Amino acid sequence: MKRIQYFIVSIIGMMLLACSGDDSVIKDEEKPTISLNYIDGFPQTCSVLKRGSSYDFRALVTDNFELASYSIDIHHNFDHHTHDDQGVNCELEAVKTAVNPLIYMENYMIEGGVDEYEIIVTVEIPEDVDTGDYHCQYSVTDKTGWQGRTSIDIKIVE
C-alpha cells in the first residue's frame, strides 16, 4: 500500500514540476516587413524596365527578432490576375497569351542573425522575353517561420 501511495505522490510531484509558471520566454508573434518606399527601393509600383538591361532590385526587410531568408518572384501578368497583398494597380495592356515570358524565382538565405537587411539582387531582363505586364513579388521569412510579402506591378518594354 505504501508503494502505491509513494508512486501516486511521485507522479503528482512530477506533474507539478512539469508545470512552470515561467512566462519569461518571449514568443515571436509578428511577421517580418518589406519596404520599397525608400530612396533606393526598386522597382517601384508601375516601373518600366527595358529588355536587354539589368537592374538592381532593392528592398528593406525587418523583423522583431531575426531574419532567415527571402525570395524574389517575377512573373507575367498577361491574364490580369492580382495578389492579395498588392497595393496600387497600374494601367494594364490587353490580355494576351504568353509566348516567352520572363520567369524569375530565386531564394536567398540571410546570414548573421540580423533583424534588418537590405536586399540587393541584380536581375537581367533578357532581350527575347515577352513585353508587357508583370508582377514582382518579394517574400521574407523570419527564424520562427513567419512570412511577409509584397507584390507590385511592373512593365517590361522593348
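That block above? That's the structure.
Computed from a prediction, not measured in an experiment: that's the story for all the values here. (Residues numbered from 1 in each chain as written. Predicted model: local features only at pLDDT ≥ 70, side-chain atom pairs only at ≥ 80, totals over all residues. Heavy atoms only, no water.)

## With respect to the sheet that holds strand β3 (residues 54-62)
Convention followed: Strands are treated as partners if at least two bridges between them are detected by DSSP. For the purposes of this entry, the term helix denotes a DSSP run of H or I that reaches at least four residues, the term strand denotes a run of E that reaches at least two, and both are numbered from the N terminus. Between N-to-C directions, angles span 0 to 180 degrees; the directions come from axes that are lines fitted to C-alpha atoms, helices contributing only their stretch in contact.
Spatially, the three strands line up as an open sheet ordered β1-β3-β6, and their pairing is antiparallel. Two strands lie at the open edges of the sheet, namely β1 (33-35) and β6 (116-124), each paired on one side alone. Averaged over neighbouring strand pairs, the angle between their axes works out to 30° when direction is ignored. Pairing geometry for β3 and β6, over nine bridges, is antiparallel. Across the sheet, residue R58 finds its bridge partner in β6, namely I120.

## Focus on the packing of aromatic side chains
Operational definition: Here a Phe, Tyr or Trp ring, Trp counted by its six-membered ring, pairs with any other such ring whose centre lies within 6.5 Å, and the pair is stacked when the planes are under 30 degrees apart, edge-to-face when over 60, and tilted otherwise. Here the term buried applies to any residue with accessible area under 20% of the maximum for its type, exposed to any over 50%, and partly exposed to those in between, with areas from a 1.4 Å probe on protein chains only.
One pass over the structure, following the stated rule, counts five aromatic pairs. Aromatic side chains F42 and Y55 sit 5.7 Å apart centroid to centroid with 15° between the ring planes, which places their arrangement in the stacked category. You can see F42 sitting in the loop between β1 and β2 (47-50) and its partner Y55 sitting in strand β3, a full 13 residues away along the chain. Taking relative accessible area as the criterion, Y55 reaches 17% and is therefore assigned buried. Aromatic side chains F78 and Y134 sit 5.5 Å apart centroid to centroid with 75° between the ring planes, which places their arrangement in the edge-to-face category.

## Some remarks on unusual backbone geometry
Note the cis peptide between F42 and P43, where omega equals -5°. Following the sequence through the fold, P43 ends up in the loop between β1 and β2. Positive phi outside glycine occurs at C46, with the angle close to 70°. If you trace the backbone, C46 turns up in the loop between β1 and β2.

The quantities given are spatial measurements derived from coordinates; they are silent on function.
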